[in-house]
Amino acid sequence: GQQVMQIPQYQHVQEGEDFTTYCNSSTTLSNIQWYKQRPGGHPVFLIQLVKSGEVKKQKRLTFQFGEAKKNSSLHITATQTTDVGTYFCAALSGNTPLVFGKGTRLSVIA
Amino acid sequence: DTEVTQTPKHLVMGMTNKKSLKCEQHMGHRAMYWYKQKAKKPPELMFVYSYEKLSINESVPSRFSPECPNSSLLNLHLHALQPEDSALYLCASSRYSATNEKLFFGSGTQLSVL
């Protein structure tokens, strides 16, 4: 079935440093969603990307969808302690149910 | 109201017990989902209900029995669970079960099976 590989698994950054997580698929994706799960919390929807080469920004967060619609990235500029959590990509291909990547756990050292 | 409410928040049960997890949303969403999430793992889809009918069962063991009494409610009945079933059980909803709909998750039920 559809699988998405997400890297890195963990990322420790100093507050103020940038952070990027990547999501890759061997097949073309219909669209991709990103979720954030705080420690002890539940996944919260951040964004959905649909178009090839799409770039969307939310304050310090920048989301990209690759030209071939096989990869995506989430970049956080100048991380803050409030950014701590696990970031999941969730990919869709055709009519298959949403498949979550394994997530990237971000810790921010103040 | 943009919330998905799950009860109970925590549940401890023995392997011979029968219990139920409940989920409620009042956003008018027509698709509801059960996910299972083990510690440090991504959510894994268990069931999807679309317009109150079961549309997807991801080969879940029969000791898990979902029920959708109406468009706002989703239950998960548990019977004869195993310790390895201990996990966070997340309910989610979306406007429709179309694959481009964002999911709204509840805060989950942390289940421990002894």
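Note that the coordinates shown come from a computational prediction; the quantities given were computed from them, not determined experimentally.

Conventions used here
- Residues numbered from 1 in each chain as written.
- Chains lettered and ligands numbered in written order.
- Predicted model: local features only at pLDDT ≥ 70, side-chain atom pairs only at ≥ 80, totals over all residues.
- Heavy atoms only, no water.
- Helix = DSSP H or I, 4+ residues; strand = E, 2+ residues; numbered from the N terminus.
- Rg over C-alpha atoms; globule rule 2.2 N^0.38 Å.
- Buried < 20%, exposed > 50% of the residue type's maximum accessible area, 1.4 Å probe, protein only.
- 1 Å grid on protein atoms, 1.4 Å probe; cavity = no way out; pocket = protein on both sides within 12 Å on 5 of 7 lines; lining within 4 Å.
- Points joined across faces, edges and corners; volume = space filled by probe spheres on them.
- Nonpolar A, V, L, I, M, F, W, Y, C, P; charged D, E, K, R; others polar.
- Salt bridge = Lys/Arg side-chain N within 4 Å of Asp/Glu carboxyl O.

With that settled, consider the overall build of chain A. What chain A contains, in helices and strands, is 0 helices and 11 strands. When the helices and strands of chain A are placed in sequence order, the string is β-β-β-β-β-β-β-β-β-β-β. Taking 2.2 N^0.38 as the reference for a compact globule, 110 residues should give roughly 13 Å; the C-alpha atoms of chain A span a radius of gyration of 13 Å, in line with that estimate. Dimensions of chain A along its principal axes, counting C-alpha atoms only, are 40 × 25 × 20 Å. Per-residue burial for chain A yields a buried fraction of 47% across its 110 residues.

This brings us to empty space enclosed by the protein. All names here are of chain B. Enumeration according to the criterion identifies 1 cavity of 30 Å³ or more in this entry. Computed from the structure, the largest cavity encloses a volume of approximately 40 Å³. Taken together, H29, R30, A31, M32, Y49, Y51, E52, C68 and S71 make up the lining of the largest cavity. Per-class residue counts for the lining of the largest cavity are 5 nonpolar, 2 polar and 2 charged.

Residue and element names in this part refer to chain A. Applying the stated criterion across every chain yields a total of 5 salt bridges over all chains. Between D83 and R60 there is a salt bridge whose closest N-O contact spans 2.9 Å. You can see D83 sitting in the loop between β8 (71-76) and β9 (85-92) and its partner R60 sitting in the loop between β6 (55-58) and β7 (61-65), a full 23 residues away along the chain. Note on D83: relative accessible area 5%, which makes it buried. Since its relative accessible area comes to 23%, R60 is described here as partly exposed.

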